[in-house]
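# Secondary and tertiary structure notes
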Amino acid sequence: TVLSRLEKFSGTPESHERNQSVRYLRRVLELDPDDSMAMVLLALKLKARSEREEANKLVEQALQKGSKDPYVLRYSAKFYREEGAVEKAVNLLKLALELTPHSCFLHHQIGICYKIKLTKLGNRNSHSPATQQQTELISQCKYHFGKAFECRPRSAIRPMLDFADICIRSGEHKKAEGIYNNLVKLEDIRPENIQQICLQAGSFELYQKGSESSAISLFVKGVKIEYDSRERKMCKEKLEKWADNKLRYAPRDSKALGVRGLLYQLDGNKSKAIEYFEKALEIDHENEEYLRALSQLRRSH
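Please read these numbers as outputs of a predicted model, since none were measured by experiment.

Looking now at the environment of Asn-56. Secondary-structure assignment places Asn-56 in helix H4 (residues 52-65). Those residues in contact with Asn-56 that sit more than four places away from it in its chain are Phe-79, Tyr-80 and Glu-83.

Another point: the pattern of salt bridges. Taken as a whole, this structure holds 26 salt bridges when the rule is applied. Between Asp-34 and Lys-65 there is a salt bridge, with the nearest N and O atoms lying 3.0 Å from each other. Placement of Asp-34 in the loop between helix H2 (18-31) and helix H3 (36-48) and of Lys-65 in helix H4 is noted, with a sequence separation of 31 residues between them. The class of Lys-65 is partly exposed, set by a relative accessible area of 45%. Among the salt bridges present, the one from Glu-83 reaches Arg-52, with a minimum N-O distance of 3.2 Å.

Positive phi values are uncommon outside glycine, yet Ser-50 reaches one of about 65°. Within the element layout of this structure, Ser-50 appears in the loop between H3 and H4. Exposure remark for Ser-50: the relative accessible area of 53% places this residue in the exposed category. Positive phi values are uncommon outside glycine, yet Asp-188 reaches one of about 55°. Along the chain, the position of Asp-188 falls in the loop between helix H10 (173-183) and helix H11 (191-208).

What follows covers the layout of surface pockets. The computed volume of the second largest pocket comes to approximately 590 Å³. If you go around the second largest pocket, you meet 24 residues; those closest to its centre are Asn-123, Asp-165, Ile-168, Arg-169 and Gln-208. The dominant element in the lining of the second largest pocket, judged by the number of residues it contributes, is H11, at 7 residues. Residues that form the lining of the second largest pocket fall into these classes: 8 nonpolar, 10 polar and 6 charged.

The terminal C-alpha atoms of helix H16 (residues 288-300) lie 18 Å apart, and with 13 residues this matches the ideal 18 Å at 1.5 Å per residue to within 8%. Here H16 has its buried residues at Tyr-290, Ala-293, Leu-294 and Leu-297. Projection of H16 onto a plane perpendicular to its axis shows the buried side chains occupying an angular sector of 100°, all on one side. In this structure, H16 carries Glu-288, Arg-292 and Arg-299 as exposed residues pointing more than 90 degrees from its buried face. Packed against the buried residues of H16 are helix H14 (254-266) and helix H15 (270-283).

Further remarks concern the packing of aromatic side chains. Applying the stated criterion across every chain yields a total of 5 aromatic pairs. Taken together, a centroid distance of 5.4 Å and an interplanar angle of 85° make the contact between Phe-79 and Tyr-80 edge-to-face. Measuring from ring centre to ring centre gives 5.5 Å for Tyr-264 and Tyr-276, while their planes differ by 35°; the resulting arrangement is tilted. A residue pair is termed long-range when its members are at least 10 positions apart, and Tyr-264 in helix H14 and Tyr-276 in helix H15 qualify at 12 residues. Judged by relative accessible area, Tyr-276 falls into the buried class, the value being 15%. Over the ring of Tyr-264 we find Arg-260; its NZ or CZ atom is 5.3 Å from the centre of that ring. Stacked on the ring of Tyr-276, the Lys or Arg Lys-279 has its end atom at 4.8 Å from the ring centre.

This next bit is on empty space enclosed by the protein. For the coordinates displayed, the defined rule picks out 1 cavity of 30 Å³ or more. What the largest cavity holds in volume is close to 40 Å³. Around the largest cavity sit Leu-183, Val-184, Leu-186, Ile-189, Ile-194, Ile-197, Cys-198 and Lys-221, which together line it. Here the lining of the largest cavity takes 3 residues from H11, the largest share from any one element. Residues that form the lining of the largest cavity fall into these classes: 7 nonpolar, no polar and 1 charged.

Criteria and thresholds
- Residues numbered from 1 in each chain as written.
- Predicted model: local features only at pLDDT ≥ 70, side-chain atom pairs only at ≥ 80, totals over all residues.
- Heavy atoms only, no water.
- Helix = DSSP H or I, 4+ residues; strand = E, 2+ residues; numbered from the N terminus.
- Contact = heavy atoms within 4.5 Å.
- Salt bridge = Lys/Arg side-chain N within 4 Å of Asp/Glu carboxyl O.
- Buried < 20%, exposed > 50% of the residue type's maximum accessible area, 1.4 Å probe, protein only.
- 1 Å grid on protein atoms, 1.4 Å probe; cavity = no way out; pocket = protein on both sides within 12 Å on 5 of 7 lines; lining within 4 Å.
- Points joined across faces, edges and corners; volume = space filled by probe spheres on them.
- Nonpolar A, V, L, I, M, F, W, Y, C, P; charged D, E, K, R; others polar.
- Expected span 1.5 Å × (residues − 1).
- Arc of directions from axis to C-beta.
- Phe/Tyr/Trp six-rings, centres within 6.5 Å; stacked < 30°, edge-to-face > 60°.
- Lys NZ or Arg CZ within 6 Å of the ring centre and 35° of its normal.

Printed below as a string of structure tokens:
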């Protein structure tokens with residue numbers, strides 16, 4: 001189970017050895033054919049390898065044998081949610097919540113399911129009121145995401161980010177901004193959580209507030225954290241898009257030149273990184289960040 005959880009994090013070596021946990025879980029079931037937890041974990045791994053028929057059978061068997069085990073219920077719900085059977089996932093999560101009523105994790109998972117339903121309805125038109133269905137789903141999302149972080153306000157970062165996202169969708173931008181302002185101040189948290197905060201808060205600054213400077217600073221912070229995650233890749237993509245667009249009509253924009261220099265530096269293209277940092281310094285002569293980066297690049301070039 002530890003191996004299985006480690007594989008969720010794209011920055012860990014285990015993410016490149018997925019077959020290892022499949023072999024391990026099959027061995028567990030050879031020794032104990034009634035281990036419902038091993039069944040559902042194996043099903044999730046097989047689904048990821050597109051072996052859906054066996055995966056579905058395993059989940060059905062696991063639910064027959066472990067219908068009162070909240071862990072079996074929640075992992076089965078994850079399986080069905082990822083398969084698109086969101087309502088079935090919600091029902092299983094609610095059963096698990098009856099068994100463990102104070103579970104922050106379960107509230108977060110239920111909120112995610114309602115968020116998926118909300119997304120399927122399409123974006124709300126800001127010039128017209130939300131439909132009754134949208135209003136109900138927004139309410140459910142806020143309730144369950146709120147429950148997910150009220151018992152552990154410092155560590156439940158993803159539920160807070162999801163809550164902020166729902167606030168944006170419902171037009172409560174001030175509430176979302178307050179959440180982001182608190183999250184960006186957090187220290188000593190997992191690197192992928194910092195990157196997700198940077199990505200989401202940066203997108204809010206860029207698209208809702210129109211603050212390019214704040215957004216770019218957050219995206220830069222996200223990519224500088226040396227942890228291989230989806231969020232880091234997305235921060236990088238946003239920086240690339242922004243820098244390319246900016247340089248297209250403002251070729252002497254020092255910030256865009258500096259961002260392009262940083263991106264080349266991260267890609268290991270030292271000569272291009274030096275070129276762009278030098279261009280940025282021609283305009284912004286005393287920028288300490290660019291001077292420091294250039295000095296480091298020249299020493300290692």
